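Single-letter residue listing:
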Amino acid sequence: PDIYPTLNDVYASFTAFASRVSPQGIIIVNIDNPHIQAWVKTLDRPVLSYGFSPRADWQIISSHMAAEKQIFSLRYKNMVYDDLVLNLPGKYNLLNASAAFAAAHYLGFDPEKLKSGLKLFTGTKRRFELIADINHVRLYDDYAHHPLEIKAVLEAARDWLPGRRLMVVFQSHTYSRTKALLPQFVSSLAVADVILINDIFASARETETLGISGQILANLIKAKHPQVFYAPGKAATVARLKTLVRDDDVVFTIGAGNNWLWHKEIIKLLRQR
């Protein structure tokens, strides 16, 4: 919000980016997004769309989950690509996989090789990354730092690991974002069963706290959620986890700050249980 104050600023930035694409090239877009539906009408470049919507060129026509895999089908023109396997959770990852499939197909790659490659893909660092599985507790890490991202990750975790208690250690990044999106942060984080809120990780481009803090965020969530704890830094987080973690828990460190650097101490704690 400190860089793109309005939606029109976002549109302008993407339009400038799209203008760098050759007129003989292609712009691949998620047509499920209503903002993109409006934006693509302004472009003078070829567009290829993907999504769950029937209006998508590449449409996700079915999907289901089994044994920590997503199996889905894509339709493009008169072709259907069935039994595509993705080793990652969440609708957002199905969309990412569809975009990648569409891009590679456009570039002329053999669909069977694309299918094989997709099945081998296990994700990227700091995106639903499994850090450790120790003594019946899983530790994951994700870079999510916007409320919509956080909600998507936590809901994906619920689907991926049903029946397990979900704990999140969240470190917000930038005072301006935290303040501008405070109600959304509160509702997104409330998806978890247990919530630990760290101090806000300041940005080099900010010098003012804007009257916001990790303690304030924790208090606002606590008003709507029974299991919320303010854990300012590494020591407080590890100490609090020591009192809370139990068998079959799933623990996520989330944010664009530095709490992912605390994994060594958290793993040590899990091994001592």
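Keep in mind it's a predicted model, so treat the numbers as computed, not measured.

Draft legend 1. Representation of the nonpolar core. The biggest cluster of nonpolar side chains holds 31 residues, and the ones touching the most others in it are F170, L217, F252 and I254. At the level of secondary structure, the elements contributing two or more residues to this core comprise α5 (147-160), β8 (166-171), α7 (182-189), β9 (194-197), α8 (214-222) and β11 (250-255). Looking at this core, the element that brings in the most residues is α5, giving 6 residues. Residues in contact with I254, not counting those within four places in the same chain, are D142, A144, I150, V153, L154, V168, V169, F170, Q171 and N259.

Draft legend 2. Representation of α5 within the structure. For α5, which comprises 14 residues, the first-to-last C-alpha distance of 20 Å matches the rise-based estimate of 20 Å (1.5 Å per residue) to within 8%. Within the sequence span of α5, burial applies to P147, I150, V153, L154, A156, A157 and W160.

Draft legend 3. Region of the structure containing the pairing of strand β5 (residues 79-86). Bridge analysis of strand β4 (residues 70-76) against β5 gives 6 bridges, and the strand direction is antiparallel. By the bridge assignment for β5, F72 is matched with L84. Between β4 and β5, which pair antiparallel one after the other, the connecting turn spans 2 residues, and K77 there sits at a positive phi close to 55°.

Draft legend 4. Representation of the packing of helix α9 (residues 234-244) against helix α10 (residues 263-272) in the model. Axis separation between α9 and α10 bottoms out at 10 Å; the angle between their running directions is 20°. Classified by the interaxial angle, the pair formed by α9 and α10 is roughly parallel. Crossing of α9 against α10: the hand is right-handed. Here K234, V238, L241 and K242 of α9 come into contact with α10, specifically with E265, I266 and L269. Tallied by class, residues from the contact of α9 with α10 come to 4 nonpolar, no polar and 3 charged.

Draft legend 5. A look at the pairing of strand β7 (residues 137-142). Within β7, 6 of the 6 residues are buried, which leaves the element mostly enclosed by the surrounding structure. Relative to β7, strand β6 (residues 129-134) is paired through 5 bridges, and the arrangement is antiparallel. Across the sheet, E129 pairs through a bridge with D141, a residue of β7. The hairpin turn running from β6 into β7, its antiparallel successor, is 2 residues long, and N135 in that turn takes a positive phi close to 50°. Bridge count between β7 and β11: 5 bridges; the pairing is parallel. When the sheet's bridge partners are listed, R138 is paired in β11 with V250.

Draft legend 6. Layout of the environment of H225. Locating H225 in the fold gives a position in the loop between α8 and β10 (228-230). Under the relative-accessibility criterion, H225 is labelled buried at 10%. Remark: the alpha-carbon pair of H225 and A190, spanning 35 residues in sequence, is separated by 6.6 Å. Among residues more than four places away in sequence, those in contact with H225 are A190, A192, D193, V194 and I195.

Quick notes on the rules
Residues numbered from 1 in each chain as written. Predicted model: local features only at pLDDT ≥ 70, side-chain atom pairs only at ≥ 80, totals over all residues. Heavy atoms only, no water. Core = buried A, V, L, I, M, F, W, Y, C linked by side-chain atoms within 4.5 Å. Buried < 20%, exposed > 50% of the residue type's maximum accessible area, 1.4 Å probe, protein only. Helix = DSSP H or I, 4+ residues; strand = E, 2+ residues; numbered from the N terminus. Contact = heavy atoms within 4.5 Å. Expected span 1.5 Å × (residues − 1). Pairing = 2+ DSSP bridges. Axes fitted to C-alpha atoms, helices over the stretch in contact; angles between N-to-C directions. Parallel < 35°, antiparallel > 145°, perpendicular 65-115°, else oblique. Left-handed = near helix turned anticlockwise from the far one by under 90°. Nonpolar A, V, L, I, M, F, W, Y, C, P; charged D, E, K, R; others polar.

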